[in-house]
Amino acid sequence: MDSDGLREIVIITGSGSLMLSVITLVLTISVFFRKIEEVERIIATPGKQLDGIKRVWGNGPIGRWFRAGHVWMFFISRRIPFVGRRFEQRMGDESEPVPLHLKCWAIIPVTLFFLFGPIFLLSAWRLDLY
């Protein structure tokens, strides 16, 4: 493959990942946030960090994004050996099990955003746009 063909592939991949990350971000703070808020209601016990984050950040677009990120971090970080359990106890409690479909609503959109963002940055780096 010649360099022009590779350059076009990198441009398409970069611009596509940028658009997908923005779309994922907008959908997360608007459409998907109802489900994320439902998960947050289950795991944010009074006095824990998730409960405080809800009051601090509020319900604006930035606050919704931070709240979604913290719920995502709660589920992802508790799988880390040794420190995950302490982190989970500080953030909130899953005293009643969260159904899998609700966990997916909280995990998948934020994970996709964190996947598409670096792909865009790597594409820009490959094109020497930094």
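The structure this text deals with has already been given above.
Residues numbered from 1 in each chain as written. Predicted model: local features only at pLDDT ≥ 70, side-chain atom pairs only at ≥ 80, totals over all residues. Heavy atoms only, no water.

J.: Which residues make up helix α1 (residues 3-29), and what values do they have?
T.: The end-to-end C-alpha separation of α1 is 39 Å, in line with the 39 Å expected for 27 residues at 1.5 Å each. Turning to α1, its buried residues are Gly5, Val10, Gly14, Ser17, Ser21, Thr24, Thr28 and Ile29. (Helix = DSSP H or I, 4+ residues; strand = E, 2+ residues; numbered from the N terminus. Expected span 1.5 Å × (residues − 1). Buried < 20%, exposed > 50% of the residue type's maximum accessible area, 1.4 Å probe, protein only.)

J.: Talk me through the nonpolar core; I want residue IDs and the actual numbers.
T.: Residues Val39, Ile43, Leu50, Val71, Phe75 and Val98 are the most contacted members of the largest nonpolar core, which totals 20 residues. Mapped by element, the contributors of at least two residues to this core are α2 (33-43), α4 (61-77), α5 (84-91) and α6 (100-126). Among the elements that line this core, the one with the most residues is α4, at six residues. In this view, Phe75 contacts Val39, Ile43, Glu94, Val98, Lys103, Ala106 and Ile107; residues no more than four positions away in its chain are not counted. (Core = buried A, V, L, I, M, F, W, Y, C linked by side-chain atoms within 4.5 Å. Contact = heavy atoms within 4.5 Å.)

J.: Outline the packing of helix α3 (residues 49-57) against α4, supporting the account with residue identities and numerical values.
T.: At their nearest, the axes of α3 and α4 sit 9 Å apart, and the two run at 170 degrees to each other. Judged on the interaxial angle alone, α4 and α3 are roughly antiparallel. Facing Leu50, Ile53, Lys54 and Trp57 of α3, the residues of α4 in contact are Ile62, Gly63, Phe66, Arg67, His70, Val71 and Phe74. When grouped by side-chain class, the residues that make up the contact of α3 with α4 number seven nonpolar, two polar and two charged. (Axes fitted to C-alpha atoms, helices over the stretch in contact; angles between N-to-C directions. Parallel < 35°, antiparallel > 145°, perpendicular 65-115°, else oblique. Nonpolar A, V, L, I, M, F, W, Y, C, P; charged D, E, K, R; others polar.)

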